[in-house]
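# Coordinate inspection notes
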Amino acid sequence: MPRLVPRLVPRVAPLHPRLVSRVASIDVIDSRDETITVLPTTGAVLGFQVRGRVRAGDALLSTAGVTGIQESARRYTYLGDTTSVLVRFTPQGATCLGAPASMLTGQSVALDTLLPAARVREAREQLPEARGAAEMAAVVERLLLSLPFRDDPLVTRALRLFEAEVLSVAATARALGVSERTLERRFLDRVGLTPKRFSNLRRFERAALLARTAGSLTEVALLAGYYDQSHFIREI
């Protein structure tokens, strides 16, 4: 039966301060000949294969690639002894790669289609020479630090509102002093989903985390902001 959580090698150092607005975490994963199920999350993921290969469904992933927001669970199979470095972006973070987030949603693309091939190749060549998880993470951090990034203040404020309370898109737009259409356009460009779809996905993400410790599905549903257990189940 596929596992839901891969094996992580703990980071030894915190994220560089200049990366915290775009990166949620950098993880190093060791695995061998197994399949895991990854639940939907509200951020894109950048992956480097230091050794081995990974397949998503029936497709073999690039050894350096990015997967945009996925709105459904996905199965990943690790082929042989594998070591992967995964960058989990914040909701706006993947735009540092130079493409609108909406172009990545539901897709897995090779990193050298977004960044100069020489820059990607340099990181790929340095990773096998790194000694341990901290040095591998540092290689990827240097690549990310070389990329410009600025968040969209309007989207940042909207994300904070969604996190703080359950508001409709219309109410959020009013609170921000913009039209729903403007909010939706900016959200699609920076996050990759409409505000409504993002809000639903974020609520599911919270429920998935709560399910690890909560006593029942009803408790999970109510804590995550669903009306009841049936409402939660309909959206799974």
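This one's a predicted model, so the numbers in the text were calculated from it and none came from an experiment. (Residues numbered from 1 in each chain as written. Predicted model: local features only at pLDDT ≥ 70, side-chain atom pairs only at ≥ 80, totals over all residues. Heavy atoms only, no water.)

## Describing the environment of Phe-48
Just so we agree on the cut-off: Each helix is a run of H or I in the DSSP string that is no shorter than four residues. Each strand is a run of E no shorter than two, and both are numbered from the N terminus. Only heavy atoms enter the contact rule, under which two residues are in contact if any of them lie within 4.5 Å.
One can find Phe-48 in strand S3 (residues 45-56). The spatial distance from the C-alpha of Phe-48 to the C-alpha of Gly-65 is 6.7 Å, given a sequence separation of 17 residues. Setting aside residues up to four positions removed in sequence, Phe-48 forms contacts with Thr-63, Ala-64, Thr-83, Ser-84, Val-85, Leu-111, Ala-123, Arg-124, Leu-127, Val-140 and Leu-143.

## A word on the nonpolar core
Formally: Residue types Ala, Val, Leu, Ile, Met, Phe, Trp, Tyr and Cys, when buried and joined through side-chain atoms within 4.5 Å, form a set referred to as a nonpolar core. Only protein chains enter the accessibility calculation, which uses a 1.4 Å probe; a residue whose area is less than 20% of its type maximum is buried, one above 50% is exposed, and one in between is partly exposed.
Counting 33 residues, the largest nonpolar core has Phe-48, Val-85, Phe-89, Leu-111 and Leu-144 as its most contacted members. At the level of elements, strand S2 (23-38), S3, strand S5 (64-67), strand S6 (74-89), helix H1 (117-126) and helix H2 (133-145) are the ones that each hand at least two residues to this core. Judged by nonpolar contacts, the second largest core, of 15 residues, contains Ala-158, Phe-162, Leu-183 and Phe-198.

## Thoughts on the packing of H1 against H2
The criterion, for reference: In this analysis an axis means a line fitted to C-alpha atoms, helices contributing only their contacting stretch, and an angle means the value between N-to-C directions, from 0 to 180 degrees. Every angle not falling under 35 degrees, over 145, or within 65 to 115 is termed oblique; those three ranges are roughly parallel, roughly antiparallel and roughly perpendicular. The crossing is said to be left-handed when, going from far helix to near helix, the turn is anticlockwise and less than a right angle, and right-handed when the turn is clockwise. Each residue is assigned to one of three groups, with Ala, Val, Leu, Ile, Met, Phe, Trp, Tyr, Cys and Pro labelled nonpolar, Asp, Glu, Lys and Arg labelled charged, and all others, Gly among them, labelled polar.
Contact geometry for H1 and H2: axes closest at 9 Å, N-to-C directions at 165 degrees. As summarised for this structure, H1 and H2 are arranged roughly antiparallel, according to the angle between their axes. Seen from above, H1 lies across H2 with right-handed handedness. On the side of H1, the interface is formed by Arg-119, Ala-123 and Gln-126, while H2 contributes Val-139, Arg-142 and Leu-143. In terms of residue class, the contact of H1 with H2 is built from three nonpolar, one polar and two charged.

## A closer look at the pairing of S6
Note on strand geometry: in a regular strand, side chains alternate between the two faces of the sheet. Inclusion rule: Pairing between two strands is assigned when DSSP locates at least 2 bridges connecting them.
The pairing of S2 with S6 spans 14 bridges and is antiparallel. Within S6, the position partnered with Asp-27 by the bridge is Leu-86. Judged from the ten bridges that link them, S3 and S6 form a sheet pairing that is antiparallel. Paired with Ala-56 across the bridge in S6 is Tyr-76.

## Comments concerning the pattern of salt bridges
Keep this limit in mind: Salt bridges, as used here, are contacts in which a Lys or Arg side-chain nitrogen is within 4 Å of a carboxyl oxygen on Asp or Glu.
Under the criterion given, the structure shown has seven salt bridges. Here Arg-88 ties to Asp-27 by a salt bridge, and the two come within 2.8 Å at their closest N and O atoms. Of this pair, Arg-88 sits in strand S6 while Asp-27 sits in strand S2; the two residues are 61 residues apart in sequence, bridging distant segments of the chain. Take Arg-88: its relative accessible area is 27%, and that puts it in the partly exposed class. Linking Arg-202 and Glu-163 is a salt bridge whose minimum nitrogen-to-oxygen distance equals 3.0 Å. With Arg-202 in helix H6 (residues 195-210) and Glu-163 in helix H3 (residues 153-164), the pair connects residues that are 39 residues apart, well separated along the chain.

## Brief notes about the pairing of S3
Bridge count for S3 against S5 is four bridges, and the pairing is antiparallel. Of the residues in S5, the one forming a bridge with Phe-48 is Ala-64. Bridge analysis of S3 against strand S4 (residues 59-60) gives two bridges, and the strand direction is antiparallel. Its bridge partner lying in S4, Arg-55 is registered against Leu-60. Between S3 and S4, which pair antiparallel and follow one another directly, the connecting turn spans two residues, one of which, Gly-57, has a positive phi of 65 degrees.

## Regarding the packing of aromatic side chains
Where we set the bar: We call Phe, Tyr and Trp rings a pair once their centres come within 6.5 Å, taking the six-membered ring for Trp, and we label the pair stacked below 30 degrees between planes, edge-to-face above 60, and tilted otherwise.
Under the defined criterion, the tally for this structure stands at two aromatic pairs. For the ring pair Phe-162 and Phe-187, a centre distance of 5.9 Å and an interplane angle of 75 degrees mean the geometry is edge-to-face. Taken as a pair, Phe-162 in helix H3 and Phe-187 in helix H5 (residues 180-190) lie far apart in primary sequence, 25 residues in all. Phe-187 carries the same exposure label as Phe-162, and that label is buried. Centroid distance Phe-187 to Phe-198: 5.6 Å. Interplanar angle 65 degrees. Geometry classified as edge-to-face. Of this pair, Phe-187 sits in helix H5 while Phe-198 is found in helix H6, placing the two residues eleven residues apart along the sequence.

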